[in-house]
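What follows is the residue order along each chain.
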Amino acid sequence: QVQLVESGGGLVQAGGSLRLSCAASGRTFSNYFMGWFRQAPGKEREFVARISRSGGITYYTYYTDSVKGRFTISRDNAKNTVYLQMNSLKPEDTAVYYCAADLFYDGTTYRAYDYWGQGIQVTVSS
């Protein structure tokens, strides 16, 4: 089992940047596929970005279209942490952001991930 704790959220003006962190504890972090999701009020949780688990020197990343070129997911296995660097933020990025982990699933369906953080609020003002 793995425990996940997000940090780094807050209020930012449109065009600004934030970096979210997700610290993991428990089992071997490098074995997990990691993802970021978000949920706006009244909407279903949606995929944002994911990163492959350790399998060599290259990590594979994937993003939803609306954040491509603006958000970057990365991981530091030595620190048991996954990051989401968010640049050029827009009001429509406002949501609660969640970190997720799974040993076997490497996809975009939130229901398939086994482990979740508590979520952290990101608010982008216009």
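Reading the values: rules and limits
- Residues numbered from 1 in each chain as written.
- Predicted model: local features only at pLDDT ≥ 70, side-chain atom pairs only at ≥ 80, totals over all residues.
- Heavy atoms only, no water.
- Phe/Tyr/Trp six-rings, centres within 6.5 Å; stacked < 30°, edge-to-face > 60°.
- Lys NZ or Arg CZ within 6 Å of the ring centre and 35° of its normal.
- Disulfide = S-S within 2.5 Å.
- Helix = DSSP H or I, 4+ residues; strand = E, 2+ residues; numbered from the N terminus.
- Buried < 20%, exposed > 50% of the residue type's maximum accessible area, 1.4 Å probe, protein only.
- Salt bridge = Lys/Arg side-chain N within 4 Å of Asp/Glu carboxyl O.
- Pairing = 2+ DSSP bridges.
- Core = buried A, V, L, I, M, F, W, Y, C linked by side-chain atoms within 4.5 Å.
- Contact = heavy atoms within 4.5 Å.

Caption draft 1: Structural detail: the packing of aromatic side chains. By the definition in use, this model includes eight aromatic pairs. Site record: aromatic cluster; members linked through ring pairs are Phe37, Phe47, Tyr62, Tyr98, Tyr105, Tyr113 and Trp116. Lying across the ring of Trp116, Arg45 places its NZ or CZ 4.8 Å from the centre. Over the aromatic face of Phe29 sits the side chain of Arg75, whose NZ or CZ is 4.5 Å from the ring centroid.

Caption draft 2: Layout of the state of the cysteines. Tallied over the entire structure, the rule returns one disulfide. Across a sulfur-sulfur distance of 2.1 Å, Cys22 and Cys99 are joined as a disulfide pair. Since a negative S-S torsion denotes a left-handed disulfide, the Cys22-Cys99 link at about -80 degrees is left-handed. Of this pair, Cys22 sits in strand β3 (residues 18-26) while Cys99 sits in strand β9 (residues 95-102), placing them 77 residues apart in sequence. This pair shows no difference in class: Cys22 is buried, exactly as Cys99 is.

Caption draft 3: Spatial organisation of unusual backbone geometry. At Asn80, a position not held by glycine, the phi torsion is positive, near 55 degrees. As for its placement among the helices and strands, Asn80 is situated in the loop between β7 (71-76) and β8 (81-86). Relative accessible area serves as the criterion here: at 26%, Asn80 is assigned to the partly exposed category. The backbone phi angle of Ser88 is positive, close to 50 degrees, even though this residue is not glycine. Relative to the helices and strands, Ser88 is located in the loop between β8 and β9.

Caption draft 4: Region of the structure containing the pattern of salt bridges. Tallied over the entire structure, the rule returns six salt bridges. Residues Glu46 and Arg38 are paired through a salt bridge, measuring 2.6 Å at the closest nitrogen-oxygen approach. In this structure, Arg70 and Asp93 form a salt bridge, with 2.8 Å as the shortest nitrogen-oxygen distance. On the criterion of sequence distance, the pair formed by Arg70 in the loop between β6 (61-63) and β7 and Asp93 in the loop between β8 and β9 is long-range, its members being 23 residues apart. On the accessibility criterion, Asp93 (1% relative accessible area) is buried. Taken together, the shared-partner salt bridges in this structure form one network comprising Arg38, Glu46, Arg70 and Asp93.

Caption draft 5: Layout of the pairing of strand β11 (residues 120-125). Across the two faces of β11 the burial differs, with Ile120, Val122 and Val124 buried and Gln121, Thr123 and Ser125 not buried at all. Looking at chain direction, strand β2 (residues 10-13) and β11 are connected through four bridges and run parallel. Note on β11: the bridge partner recorded for Leu11 is Thr123. Judged from the three bridges that link them, β9 and β11 form a sheet pairing that is antiparallel. Counterpart to Val96 in the pairing with β11 is Gln121.

Caption draft 6: Expanded view of the nonpolar core. Met34, Trp36, Val82, Leu84, Met86 and Tyr97 are the most contacted members of the largest nonpolar core, which has 29 residues in total. The set of elements that each furnish at least two residues to this core consists of β1 (2-7), β3, β4 (33-39), β5 (46-51), β7, β8, β9 and β11. Residues contacting Met34, with those up to four places away along its chain left out, are Leu4, Cys22, Phe29, Ala49, Arg50, Ile51, Ile73, Arg75, Val82, Cys99, Ala100 and Ala101.

Nothing here speaks to function; it is geometry throughout.
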